[in-house]
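Examining the three-dimensional arrangement
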Amino acid sequence: MEGYLPQLETVTFQEALGSMGAKVDRIEQIVGLIADQLHVSATARIPMLRAARLCKADLVTQMVGEFPELQGIMGENYALQSGEDPAVAIGIREHYLPKGAIDQLPQTLVGQVVALADRLDTLVSIFGLGLVPTGSSDPFALRRAANAIVHIIWAANLNLDLQALLEQAIAIFTTVYPKAHPESLLQQLQEFFGQRLRNLLEEQGIDYDLINAVQGDNDPEYTERSLRDLGDIRDRAQFLQTIRRDGRLSDIYETVNRSSRLATQGDLATDQLDPILVVDPSHFQKASEHAFYQDLIRLCHQMQGQRDYSQLVAALTAIAPTVSSFFDGPDSVLVMDSDPAIKRNRLNLLGLLRNQARMLADFGAIVKS
């Protein structure tokens, strides 16, 4: 297999991007980045990097030249005949998987990592040249490549930060093609993966508004969060669908949605969760404010940044009567008080509730059942 590598320099990957040999070099680098994120040991990296090095070697063989559909399959056979580690041989075959929407996914970690690296390089490189899919035109099968990345990560439960991998792959690409603009390239790829995620979640039977709720509406925080943890966005969407069916979503919808709408009148950062830091009890005028504040403190301590969404929904359900008293009834308050300090205090209470709920979803995007 090693003997075929020099011939890859004569095979063009894409005219502006050079040879298949250059692509293999980039795949190797990305494999190293993925291995870093997965905390792969030095020993376990050896077959990954070797499979990356040899993954395209069979393209220049006479057999694959005559029968292109055998790429990878012959690569595995040639690797075994060459005395390569079986893990390397399997990885060479598996890195082409899945070949279609219903095809098998790579089953070994070597195959998964090389498959991800190959597709990340293709996506970044082709997008970097401005060859973005339009309508039904997708000559480089970029939609299929992005879908495969998501499916592989989901199926194998790989703890990968796709946002960071895209940034790093773009940095590698721009050393080869300095005309590219990293910021706009990253934004294009974020939007592309966002649409892929939307389509894949729809295929799982998730309602459109719940997908909007986990992706956010042009919300950079949610966009980045979804790419940093693909498993989390799937889990949140599926959980929302579950609690819509069993009625728990409707139990908290009004409380969270009303609070969130009013909270937009304030200036509390969406990542602030600690009431003690942003609420001043000395400005309270009603018992409902004190009760709201104490419940938020309990909620903050209970969650402590955890992603236990069942616990979060239970806590939001428990706080609903307190919020109802804050808004309506004999102990209710006027949130938009004429005193700026009192108004800001009350808006911060609502903002804190919104922020806790945002750990699960943007409730403003959810349509009332």
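That block above? That's the structure.
Predicted, not measured: the structure shown is a model, and the values here were computed from it. (Residues numbered from 1 in each chain as written. Predicted model: local features only at pLDDT ≥ 70, side-chain atom pairs only at ≥ 80, totals over all residues. Heavy atoms only, no water.)

A look at helix 10 (residues 208–215)
- Summarising burial for helix 10: 6 of the 8 residues are buried, a large majority.
- Among all positions in helix 10, only Asp209, Leu210, Ile211, Ala213, Val214 and Gln215 are buried.
- Once helix 10 ends, the next one or two residues include Gly216, with phi positive near 80°. (Buried < 20%, exposed > 50% of the residue type's maximum accessible area, 1.4 Å probe, protein only. Helix = DSSP H or I, 4+ residues; strand = E, 2+ residues; numbered from the N terminus.)

Quick notes on the environment of Leu334
- You can see Leu334 is positioned in the loop between helix 16 (309–327) and helix 17 (340–358).
- For the pair Leu334 and Arg346, spaced 12 residues apart in sequence, the C-alpha separation works out to 8.7 Å.

Notes on the nonpolar core
- Core analysis: the biggest nonpolar cluster contains 113 residues, and Leu123 and Leu360 have the highest contact counts within it.
- It is helix 6 (residues 109–128) that provides the largest number of residues to this core, a total of 11 residues.
- Other than its neighbours up to four places away in sequence, Leu360 contacts Val214, Arg236, Phe239, Leu240, Ile243, Tyr309, Leu312 and Val313. (Core = buried A, V, L, I, M, F, W, Y, C linked by side-chain atoms within 4.5 Å. Contact = heavy atoms within 4.5 Å.)

Topic: the environment of Ala145
- Along the chain, the position of Ala145 falls in helix 7 (residues 142–156).
- Residue class for Ala145 comes out buried when judged on its relative accessible area of 10%.
- The spatial distance from the C-alpha of Ala145 to the C-alpha of Leu123 is 7.4 Å, given a sequence separation of 22 residues.
- The contacts of Ala145, once residues within four sequence positions are left out, are Arg119 and Leu123.

Side note on the packing of helix 11 (residues 220–228) against helix 12 (residues 230–246)
- Two numbers describe how helix 11 lies on helix 12: the axes approach to 4 Å, and their chain directions differ by 110°. With respect to helix 12, the element helix 11 is oriented roughly perpendicular. Note on element contacts: helix 12 touches helix 11 through Leu230, Asp232, Ile233 and Arg236, opposite Tyr222, Arg225, Ser226, Leu227 and Arg228.
- For the contact of helix 11 with helix 12, the residue count by class is 4 nonpolar, 1 polar and 4 charged. (Axes fitted to C-alpha atoms, helices over the stretch in contact; angles between N-to-C directions. Parallel < 35°, antiparallel > 145°, perpendicular 65-115°, else oblique. Nonpolar A, V, L, I, M, F, W, Y, C, P; charged D, E, K, R; others polar.)

Examining the packing of helix 13 (residues 248–263) against helix 16
- It is the contact of helix 13 with helix 16, at a shortest axis distance of 9 Å, that shows an interaxial angle of 60°. It follows from the interaxial angle that helix 13 and helix 16 lie oblique. The chirality of how helix 13 crosses helix 16 is left-handed. Mapping the contact onto sequence places Arg248, Ile252, Thr255, Val256, Arg258, Ser259 and Leu262 in helix 13 and Ser310, Val313, Leu316, Thr317, Ala320, Val323 and Phe327 in helix 16.
- Partitioned by chemical class, the residues of the contact of helix 13 with helix 16 number 8 nonpolar, 4 polar and 2 charged. (Left-handed = near helix turned anticlockwise from the far one by under 90°.)

Some thoughts on helix 15 (residues 287–303)
- For helix 15, which comprises 17 residues, the first-to-last C-alpha distance of 24 Å matches the rise-based estimate of 24 Å (1.5 Å per residue) to within 8%.
- Within helix 15, burial applies to Ser288, Glu289, Phe292, Tyr293, Asp295, Leu296, Ile297, Leu299, Cys300 and Met303.
- The elements touched by buried residues of helix 15 are helix 14 (275–278), helix 16 and helix 17.
- Following helix 15 by one or two positions, Gln304 adopts a phi angle in the positive range, close to 45°. (Expected span 1.5 Å × (residues − 1).)

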